[in-house]
Amino acid sequence: MTIQDVISNGLIRVVYQPILRLSTKTIYAHEALARGPEGPLHSPGALFEAAADQGLLFALDLSCRTAALRHKPPGTLCLNVEPQSLVDPAFRRG
């Protein structure tokens, strides 16, 4: 399976890490963490390295954000954004 397959077929899985408010020991927010399908592209490092090698960093980053918003838990959601995506012209187009 290639990084293009992962992106094109929407194979990003998201796990939501709770962020706690220590003073009340309650969940304040969640951080969305992307994972690839089982196999060599499962870890975020492998996913983003493969995307960078293929010139697909923005496409993967967008796919991760889209997947995170699809099933987001209630409340505040923290999303990670690849720094290069912020300067990509496609980022501004939406």
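Remember, predicted model here, so these are calculated numbers, not experimental data.

## Some thoughts on the overall build of the protein
- A tally of regular secondary structure across the protein gives 5 helices and 3 strands.
- C-alpha extents for the protein along the principal axes are approximately 45 × 30 × 20 Å.
- Buried residues in the protein amount to 33% of all 94 residues.
- Taking the intrachain contacts of the protein between residues at least 6 apart in sequence as the baseline, contacts between residues at least 24 apart amount to 50%.
- Summed over all atoms, the accessible surface of the protein reaches about 6000 Å², with 57% contributed by carbon and sulfur.

## Here we look at helix α3 (residues 57–70)
- The end-to-end C-alpha distance of α3 is 20 Å, a good match for the 20 Å that 14 residues give at a rise of 1.5 Å each.
- Buried residues of α3: L57, F58, L60, D61, S63, C64, R65, A67 and A68, and no others.

## As for the layout of surface pockets
- Counted as a void, the largest pocket has a volume near 200 Å³.
- Listed by contribution, the elements that provide at least two residues to the lining of the largest pocket are β2 (26–35), α2 (44–53) and α3.
- When grouped by side-chain class, the residues that make up the lining of the largest pocket number 10 nonpolar, 1 polar and 4 charged.

## Describing the confidence of the model for the protein
- Looking at the protein as a whole, the pLDDT averages 94, with 98% of positions reaching at least 70.
- Here helix α5 (residues 89–93) stands out as the element of the protein with the lowest mean pLDDT, 77, in contrast to helix α1 (residues 3–8), whose mean of 98 is the highest.

## Focus: the packing of α2 against α3
- For the pair α2 and α3, interaxial distance at closest approach is 7 Å and the crossing angle is 145°. Between α2, through L47, F48, A51 and A52, and α3, the contact on the second element is made entirely by L57, L60, D61 and C64.
- Class assignment for the residues of the contact of α2 with α3 results in 7 nonpolar, no polar and 1 charged.

## Considerations on α2
- Buried within α2 we find L47, F48, A50 and A51. Buried residues of α2 fall within an arc of 160° about the axis and therefore sit on the same side. Opposite the packed face of α2, turned more than 90 degrees from it, sit the exposed residues E49 and D53.
- Where α2 is buried, its residues touch α1, β2 and α3.

Cut-offs used in this document
- Per-chain numbering applies: the sequence of each chain, read as written, is numbered from 1 onward.
- Selection of residues for local features in this predicted model requires a pLDDT of at least 70, selection of side-chain atom pairs for listing and counting requires 80 or more, and totals for whole chains, interfaces and linings are taken over all residues.
- Derived side-chain values reflect all non-hydrogen atoms in the structure, with water molecules and hydrogen atoms excluded from consideration.
- Helical segments are the DSSP runs of H or I of at least four residues, strand segments are the runs of E of at least two, and each set is numbered from the N terminus.
- Using a 1.4 Å probe on the protein chains alone, a residue whose accessible area is under 20% of its type maximum counts as buried, one over 50% counts as exposed, and one in between counts as partly exposed.
- Two residues form a contact once any of their heavy atoms are found within 4.5 Å.
- Residue-level accessible areas treat just the shown protein chains as cover; the underlying method is Shrake-Rupley with a 1.4 Å probe.
- How far a helix is expected to stretch is found by multiplying one less than its residue total by 1.5 Å.
- Space inside and on the surface of the protein is sampled on a 1 Å grid over the protein atoms alone, with a cavity defined as a set of points where a 1.4 Å probe fits but cannot get out and a pocket as an open set with protein on both sides within 12 Å along at least 5 of 7 lines; lining residues have an atom within 4 Å of a point.
- Grid points are joined across faces, edges and corners, and a volume is the space filled by probe spheres set on the points.
- Note on residue categories: nonpolar means Ala, Val, Leu, Ile, Met, Phe, Trp, Tyr, Cys or Pro, charged means Asp, Glu, Lys or Arg, and polar means any other residue, Gly included.
- For every residue, the predictor states its confidence as a pLDDT score lying anywhere from 0 to 100.
- Fitted lines through C-alpha atoms give the axes, limited to the stretch in contact for helices. The angle between two N-to-C directions lies from 0 to 180 degrees.
- As used here, the arc belongs to the directions running from the helix axis to the C-beta atoms.

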